[in-house]
Amino acid sequence: MDVEIISREHIKPSSPTPVHLKTHKLCLLDQFTNHTYARRVLYCPLTQDLNLSSTLLDIDHVVAERLQLLKQSLSETLTLFYPLAGKMTDNFSVNCNDEGIPFVEARAKGSLNEFLKQPNLSLISRFVPEQSRKRIGEIAGEYVAKVQVTSFTCGGLAISACTSHMFGDGTTFSMFLKNWAAIARKNYEEAISPVFSASSLFPPTDEYPREATWIAQSNRFLKAGRGVTRRFVFDAEAIANLKAKAVSSYVQNPTRVEVVSAVLSKCVMAAIKPSSGSHKPTLLTHTVNLRRKAKPQISEYCTGNIVLRANALCKEEEVEFDELVRRLREAIMKPKGDFVKSLQGDEGFINLCKAIKDEDELCSSAADRIMFTSWCNFGFYNIDFGWGNPIWVSSVGSDGSITKAFNLIILIDTRLGNGIDAWVFLREEEMALLELDKELLAFASMDPSPLG
């Protein structure tokens, strides 16, 4: 499927950013996060009724109108999310210069349905804005956000928004998309203003060491080899069966994220074992939202990376499924209000350094790490720009150019909201073993069509 770039422009805020807001300070937890772009793609058909004939429609006219609506509503949204229209600086801040978000308009030579019948995950990178060629750590002058909208011959759209991870986490990103969609529908009551108070809660420091970032800490787990991506989709019935299997005296009500994470951990550990020659300890890591753990709770509208990583170390050669669920639950529940409080105020930097050191000790005792990040319950499938909800929400698969890879798993809601679409990133030889794992395939379908 060829994709042609039609135009490039910058979408600026519809109203200029006030002078006193021209510098947006990142918070202490943002400083721990590297500047990489979080990339998602929303696939929107021409009409929600897929049986409706489009032969009587002027598809080019409809697409042009929708593109114009997306640009205009994005411009209005940027008056609320004004840092997204700026650029990163090298001193942990955003220059809110109203330069605008790069907006790329592209056209795919094929229909959306044709692509979704059996998505080629390596082609999705063509639907997202071009990534920076700077080395990790070089952030000065980088855009905070980018957008690409790709139209298909049928009139369907692939809407891809990318935001810097240094600016915000998944909660921040979903809030931006929901506001953009609400403004596109002229439903201004749903457009909730973001709260830019994270740097006051978690004061940044000029003394923050550039090497103390999550990627620097994880580099020891980078392994040479061609990185590949597969999707393993767990439907509601499979998750119900996994929950029943996971119930123990320790965990009475396992969540779908916990049970899917546990079964994938078990099977991925089995797949990576042959490449190491023998069993070695593996660290299971989940990103945890700290907003609700804080006392008092931090607003869900507070932007920034109000997250940290929870870790469970598996030293044994084989761990039972229900025991994995218990360990993951224990790790995710470990950060409490007192811990979140310790990261705030003048002592925050010292306490964050201690937390990073503790995690580093765990990392030093592990040979492998499986990273999980969950996009579940963010409501991506409820995002409606005025022509219906997306038919699929995707991550971006490896395009074959990666020569070193982390073990990464991204969990996304399925369209009905009761299943999980797990995107697994592994080295090619390890993925080949995972694809044959009977325990995993008893609960998950590999690379099914989102149209199913």
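For the structure given in this document, a descriptive report is provided here. Being a predicted model, the structure only gives us computed values, none of them experimental.

To continue, consider the overall build of the chain. A count of helices and strands for the chain gives 13 helices and 18 strands. C-alpha atoms of the chain, sized along the principal axes, occupy 60 × 55 × 40 Å. Taking as baseline every contact in the chain between residues at least 6 positions apart, the subset at least 24 positions apart corresponds to 80%. Summing over all exposed atoms, the chain offers an accessible surface of approximately 19,700 Å²; the carbon and sulfur share of this is 51%.

Right, let's talk about the sheet that holds strand S3 (residues 37-44) for a bit. Backbone hydrogen bonds hold the strands of a sheet together, and the pairing may be parallel or antiparallel. Read across the sheet, six strands follow the order S1-S6-S7-S8-S3-S14 without closing on themselves; strand pairing throughout is mixed. Only two strands of the sheet have a single partner each, and these edge strands are strand S1 (3-11) and strand S14 (392-394). Averaged over all adjacent pairs, the angle separating strand axes in this sheet is 15°, with direction ignored. Both S3 and S14 contribute to a ladder of three bridges, which runs antiparallel. When the sheet's bridge partners are listed, Tyr 43 is paired in S14 with Trp 392. Here helix H2 (residues 59-77) sits on the sheet and contacts S1, strand S6 (101-108), strand S7 (145-151) and strand S8 (157-164); the angle it forms with S6, its principal contact strand, is near 165°. In the packing of helix H4 (residues 170-184) onto the sheet, the strands contacted are S3, S7 and S8, and the crossing angle to S8 comes to about 135°.

Further remarks concern the packing of helix H7 (residues 236-246) against helix H9 (residues 321-333). For the pair H7 and H9, the least separation of the axes is 8 Å and the interaxial angle reads 90°. Between H7 and H9, the crossing angle belongs to the class labelled roughly perpendicular. Contact with H7, carried on its side by Leu 242, Lys 245 and Ala 246, involves Phe 321, Asp 322 and Val 325 of H9 and no other residues of that element. Of the residues that constitute the contact of H7 with H9, the class distribution is four nonpolar, no polar and two charged.

Before going further, it helps to spend a moment on the environment of Lys 438. Here Lys 438 is to be found in helix H13 (residues 438-441). The spatial distance from the C-alpha of Lys 438 to the C-alpha of Cys 267 is 9.3 Å, given a sequence separation of 171 residues.

Attention shifts here to the side chain of Ser 265. Residue position: Ser 265 is located in helix H8 (residues 256-276). In contact with Ser 265, other than residues within four places in its own chain, are Leu 284, Leu 324, Ile 370 and Phe 372.

This paragraph deals with the packing of aromatic side chains. Enumeration over the complete set of coordinates arrives at 16 aromatic pairs. When the ring of Tyr 43 is compared with that of Trp 392, the centres are 5.1 Å apart and the planes differ by 25°; the resulting orientation is stacked. Taken together, the residues Tyr 43 in strand S3 and Trp 392 in strand S14 connect sequence positions 349 residues apart. Take Trp 392: its relative accessible area is 2%, and that puts it in the buried class. Here the basic side chain of Arg 40 rests over the ring of Trp 375, its NZ or CZ set 4.0 Å away from the ring centre. Its end group placed over the ring of Phe 321, Lys 245 keeps NZ or CZ at 5.3 Å from the ring centre.

About the cut-offs
One numbering rule holds for all chains: residues counted from 1, following each sequence as written. In keeping with the predicted nature of the model, local features appear solely for residues at pLDDT of at least 70, side-chain atom pairs appear and are counted solely at 80 or more, and the whole-chain, interface and lining totals rest on all residues. Based on all heavy atoms of the structure, the side-chain values leave hydrogens and waters out of the count. Counting from the N terminus, the helices are DSSP H or I runs at least four residues long and the strands are E runs at least two residues long. Residues count as neighbours in contact if any of their non-hydrogen atoms are within 4.5 Å of one another. Residue-level accessible areas treat just the shown protein chains as cover; the underlying method is Shrake-Rupley with a 1.4 Å probe. The pairing criterion is simple: DSSP has to find at least two bridges between the two strands. For helices, the fitted line uses only the C-alpha atoms of the stretch in contact; every axis is such a line through C-alpha atoms, and the angle between N-to-C directions lies from 0 to 180 degrees. Reported orientations rely on four angle classes, namely roughly parallel under 35 degrees, roughly antiparallel over 145, roughly perpendicular from 65 to 115, and oblique for the rest. Each residue gets one of three labels, nonpolar for Ala, Val, Leu, Ile, Met, Phe, Trp, Tyr, Cys and Pro, charged for Asp, Glu, Lys and Arg, and polar for the others, Gly among them. Side-chain rings of Phe, Tyr and Trp, where Trp is taken by its six-membered ring, are said to pair if the distance between their centres is within 6.5 Å; with planes under 30 degrees apart they count as stacked, over 60 as edge-to-face, and otherwise as tilted. When accessible area is computed with a 1.4 Å probe and restricted to protein chains, residues below 20% of their type maximum are described as buried, those above 50% as exposed, and intermediate ones as partly exposed. Whether a charge sits over a ring comes down to the Lys NZ or Arg CZ being within 6 Å of the ring centre and within 35 degrees of the ring normal.

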